[in-house]
Amino acid sequence: MRKIIAAINMTLDGFCDHTAGIADDELHEHYNELLSNADTLLFGRITYQLMEGYWPTVVENPTGNKPTDEFAVLIDNISKIVFSRTLKNVDWRNTTLKREVTKEEVLALKQQAGKNILVGSQV
């Protein structure tokens, strides 16, 4: 059975705002390890749109920073599922759009053979 791992950036003072801190090499290396041990990433609309609007461009035009560029390739290649009732379509490769998240669907994903499942989110 696969693990479901929730990952969220939080500053030491408890803020979960992605603009409150900048991901450094150490943080990218941490997420690179998580992504390397996973094969599915679950997103809500807001986080998906935040990530989709940036990371594919880094794949096409690498920054020259190894941990950042590796993160871009890893997240681009992983299977992504976006749960949204309002999003009309998804353009990022390896992405599937689902209208609603159900307990049964997530449990079924967990039962499938494969690597870990990551949940990425913004608060």
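The structure this text deals with has already been given above.
Residues numbered from 1 in each chain as written. Predicted model: local features only at pLDDT ≥ 70, side-chain atom pairs only at ≥ 80, totals over all residues. Heavy atoms only, no water.

Colleague: Sorry if this is basic, but what is going on with the packing of aromatic side chains here?
Modeller: Each pair of aromatic rings is reported with the distance of its centres and the angle of its planes. Under the defined criterion, the tally for this structure stands at 4 aromatic pairs. Aromatic pair Tyr 48 and Trp 92: ring centres 6.0 Å apart, planes at 40°, arrangement tilted. Of the two residues, Tyr 48 sits in helix α2 (residues 45-52) while Trp 92 sits in the loop between β3 (79-83) and β4 (95-98), which places them 44 residues apart along the sequence. Assigned by exposure class, Tyr 48 and Trp 92 land together as buried. (Phe/Tyr/Trp six-rings, centres within 6.5 Å; stacked < 30°, edge-to-face > 60°. Helix = DSSP H or I, 4+ residues; strand = E, 2+ residues; numbered from the N terminus. Buried < 20%, exposed > 50% of the residue type's maximum accessible area, 1.4 Å probe, protein only.)

Colleague: Explain the packing of helix α1 (residues 25-36) against helix α4 (residues 66-77) here, please?
Modeller: Packed helices, taken two at a time, are described by the angle their axes make and the gap between the axes. It is the contact of α1 with α4, at a shortest axis distance of 9 Å, that shows an interaxial angle of 30°. By the angle class used here, α1 and α4 are roughly parallel. Two packed elements cross with a definite hand, and for α1 against α4 that hand is left-handed. Contacts between α1 and α4 involve Asp 25, His 28, Glu 29, Tyr 31, Asn 32, Leu 35 and Ser 36 from the former and Pro 67, Thr 68, Glu 70, Phe 71, Leu 74 and Ile 75 from the latter. (Axes fitted to C-alpha atoms, helices over the stretch in contact; angles between N-to-C directions. Parallel < 35°, antiparallel > 145°, perpendicular 65-115°, else oblique. Left-handed = near helix turned anticlockwise from the far one by under 90°. Contact = heavy atoms within 4.5 Å.)

Colleague: Teacher, can you tell me more about the sheet that holds β3 here?
Modeller: Pairing between the strands of a sheet comes from backbone hydrogen bonds, and it takes one of two forms, parallel or antiparallel. Across the sheet, 5 strands lie side by side as β1-β5-β2-β3-β4; this open sheet has parallel pairing. Whereas interior strands pair on both sides, the edge strands pair on one side only; in this sheet they are β1 (4-7) and β4. Taking the axes of each pair of neighbouring strands and ignoring which way they run, one obtains an average angle of 25° across the sheet. One ladder, built from 5 bridges, connects strand β2 (residues 38-44) with β3; its direction is parallel. Paired with Thr 40 across the two strands is Ser 79, which belongs to β3. (Pairing = 2+ DSSP bridges.)

Colleague: When you look at the side chain of Thr 68 in this model, what are you seeing that I'm missing?
Modeller: Inspection of the secondary structure puts Thr 68 in helix α4. Apart from the residues lying within four places of it in its own chain, the contact partners of Thr 68 are His 28, Trp 55, Val 58 and Thr 63.

Colleague: I would appreciate a short explanation of the nonpolar core in the present structure.
Modeller: Looking at soluble globular proteins, one finds that nonpolar side chains tend to be buried together. Core analysis: the biggest nonpolar cluster contains 19 residues, and Phe 43, Met 51, Trp 55, Phe 71, Ile 75 and Trp 92 have the highest contact counts within it. Put simply, the parts of the chain that give this core at least two residues each are α1, β2, α2, α3 (55-60) and α4. In this view, Ile 75 contacts Leu 35, Leu 41, Phe 43, Met 51, Trp 55, Lys 80 and Trp 92; residues no more than four positions away in its chain are not counted. One finds Leu 42, Ile 81, Phe 83 and Ile 117 within the second-largest nonpolar core, a separate group that totals 5 residues. (Core = buried A, V, L, I, M, F, W, Y, C linked by side-chain atoms within 4.5 Å.)

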